[in-house]
Amino acid sequence: MARIFITGSTDGLGLMAAQLLSRQGHTVALHARNDTRARDAHAVLPDNAGVAVGDLAGIAQTREVASQVNDLGTFDAVIHNAGVGYYGRGRVETEDGLSDVFAVNVLAPYLLTALITTPRRLVYLSSGMHHSGDATLRDPQWATRPWQGSQAYSESKFHLTALTFAIARKWPAVLSNAVDPGWVPTKMGGSGATDDLRLAPVTQAWLAVSDDAEALVTGRYFHHRQPRPPHPATQSPEVQDRLLEYCADLTKVELPTALSAD
């Protein structure tokens, strides 16, 4: 059985994936934004390996989350599920002066990937909307552009998908894959979502633990356990390296190189 850590696992797809993996007999550690949500998650899934607490919108708190996860021991897989949507909201600036959509959806996965003891598998929750993303990394914080929530979200998922493939390229011993869970009626997806919620947590859980040959791959983008073509620019080493450099500059943490899973 495997040990898995899941970000943003107090509700929605993160909690659903945690419950699915727990039912399969795996050991799951959770993540909550604050103590209240941590208590709620523990009540729903009391048989957990611990709950790391911290708001991933902030660089300092994200670093603390990584420290807490490492204190819980090593993990076979990390599912980067936490994310910020865009419905009915304007640009929100974090304590670090960043757009919270970029901070939570891109920078936090980068920083956690760099700081958490390397697992054998990494799974990142992308979106079909990443196909509308902009590869230029032009004003990623929306500091000068008029705010467009859907485009900011699309760009964040484009960058997250590029991060997934950058990890696959730089850490060949680690399985790093992206998942489009579909447009499902979660708190983020909204009540108008049309995809099957029951299928939404399946692929990320499968990629985290399965020994199926189809799951033992890296640098892929999946939807409902089937590989799908990502935005071509996410696979560009130039685009990936520009993103990594930008994230390293913001966090003052560089992604370790030539890393191998234990």
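What you see is a predicted model, and the numbers here were worked out from it, not measured in a lab.

Engineer: With reference to specific residues and values, describe the overall build of the chain.
Structural biologist: Across its full length, the chain carries seven helices and eight strands. Against the compact-globule benchmark of 18 Å for 262 residues, the chain has a radius of gyration of 17 Å, which places it among compact chains. Put simply, the chain has 262 residues, and 56% of those count as buried. Partitioning the intrachain contacts of the chain with sequence separation of at least 6 by distance along the chain shows that 71% fall at a separation of at least 24. Accessible area of the chain: about 10900 Å², with a carbon and sulfur share of 50%. Looking at the chain, you have 22 positive and 27 negative side-chain charges, and the mean spots of the two groups are 3 Å apart.

Engineer: So, the packing of aromatic side chains: which residues are in play, and what are the values?
Structural biologist: All chains considered together, the criterion is met by five aromatic pairs. Judged by centre distance (5.7 Å) and plane angle (75°), the ring pair of Phe 102 and Tyr 246 falls under edge-to-face. Here the residue Phe 102 occupies a position in helix H4 (residues 100–115), and Tyr 246 occupies one in helix H7 (residues 237–251), the gap between them amounting to 144 residues. Arranged with centres 5.7 Å apart and planes meeting at 70°, the rings of Trp 142 and Trp 147 form a pair that is edge-to-face.

Engineer: How would you sum up the sheet that holds strand S5 (residues 121–125)? Please name residues and give values.
Structural biologist: Reading across the sheet, the eight strands line up as S3-S2-S1-S4-S5-S6-S7-S8 and stay open at both edges, with mixed pairing between neighbours. Both edges of this open sheet fall to strand S3 (51–53) and strand S8 (226–227), since each of them pairs with a single strand only. Across three bridges, strand S2 (residues 27–32) lies against S3 in parallel orientation. Bridging from a neighbouring strand, His 31 pairs with Ala 52 of S3. Helix H3 (residues 59–71) rests against strand S1 (3–6), S2 and S3 of the sheet, and its axis sits at about 160° to S3.

Engineer: Got a sec to walk through the side chain of Asn 177? Specific residues and values, please.
Structural biologist: Tracing the backbone through its elements, the reader meets Asn 177 in strand S6 (residues 175–179). Judged by relative accessible area, which is 2%, Asn 177 ranks as buried. Polar side-chain contacts of Asn 177 include one of 2.8 Å to the backbone oxygen of Val 217. A distance of 2.9 Å separates a polar atom in the side chain of Asn 177 from the backbone nitrogen of Arg 220. For Asn 177, the residues in contact, after removing those within four places along its chain, are Leu 122, Val 123, Tyr 124, Thr 164, Leu 207, Val 217, Thr 218, Gly 219, Arg 220 and Phe 222.

Engineer: Could you give an account of the pattern of salt bridges, with specific residues and numbers?
Structural biologist: Taken as a whole and judged by the stated rule, the model has 13 salt bridges. A salt bridge links Arg 120 to Asp 76, with the nearest nitrogen and oxygen atoms 2.6 Å apart. A residue pair is termed long-range when its members are at least 10 positions apart, and Arg 120 in the loop between H4 and S5 and Asp 76 in the loop between H3 and strand S4 (77–80) qualify at 44 residues. When its relative accessible area of 42% is taken as the criterion, Arg 120 is described as partly exposed. Between Arg 225 and Asp 212 there is a salt bridge whose closest N-O contact spans 3.6 Å. Within this pair, whereas Arg 225 is found in the loop between strand S7 (221–223) and S8, its partner Asp 212 is found in the loop between helix H6 (202–209) and S7, the two being separated by 13 residues in sequence. For Asp 212, a relative accessible area of 33% corresponds to the partly exposed category. Taken together, the shared-partner salt bridges in this structure form one network comprising Asp 139, Arg 145 and Glu 155.

Engineer: Break down the packing of helix H1 (residues 12–23) against H6 for me, with residues and values.
Structural biologist: Remark: H1 packs on H6, axes separated minimally by 9 Å, with the N-to-C direction vectors making an angle of 50°. As judged from the angle between their axes, H1 and H6 are oblique. When you trace H1 past H6, the crossing you get is right-handed. Of the residues in H6, those in contact with Leu 13, Ala 17, Leu 20 and Leu 21 of H1 are Val 202, Gln 204, Ala 205 and Val 209. Looking at side-chain class alone, the contact of H1 with H6 contains seven nonpolar, one polar and no charged residues.

Calculation rules
- Residues numbered from 1 in each chain as written.
- Predicted model: local features only at pLDDT ≥ 70, side-chain atom pairs only at ≥ 80, totals over all residues.
- Heavy atoms only, no water.
- Helix = DSSP H or I, 4+ residues; strand = E, 2+ residues; numbered from the N terminus.
- Rg over C-alpha atoms; globule rule 2.2 N^0.38 Å.
- Buried < 20%, exposed > 50% of the residue type's maximum accessible area, 1.4 Å probe, protein only.
- Contact = heavy atoms within 4.5 Å.
- Areas by Shrake-Rupley, 256 points an atom, 1.4 Å probe, with all protein chains shown as cover.
- Lys, Arg positive; Asp, Glu negative; His and termini not counted.
- Charge placed at Lys NZ, Arg CZ, Asp CG, Glu CD.
- Phe/Tyr/Trp six-rings, centres within 6.5 Å; stacked < 30°, edge-to-face > 60°.
- Pairing = 2+ DSSP bridges.
- Axes fitted to C-alpha atoms, helices over the stretch in contact; angles between N-to-C directions.
- Polar contact = N/O pair within 3.5 Å; in protein donor to acceptor, adjacent residues only side chain to side chain.
- Salt bridge = Lys/Arg side-chain N within 4 Å of Asp/Glu carboxyl O.
- Parallel < 35°, antiparallel > 145°, perpendicular 65-115°, else oblique.
- Left-handed = near helix turned anticlockwise from the far one by under 90°.
- Nonpolar A, V, L, I, M, F, W, Y, C, P; charged D, E, K, R; others polar.

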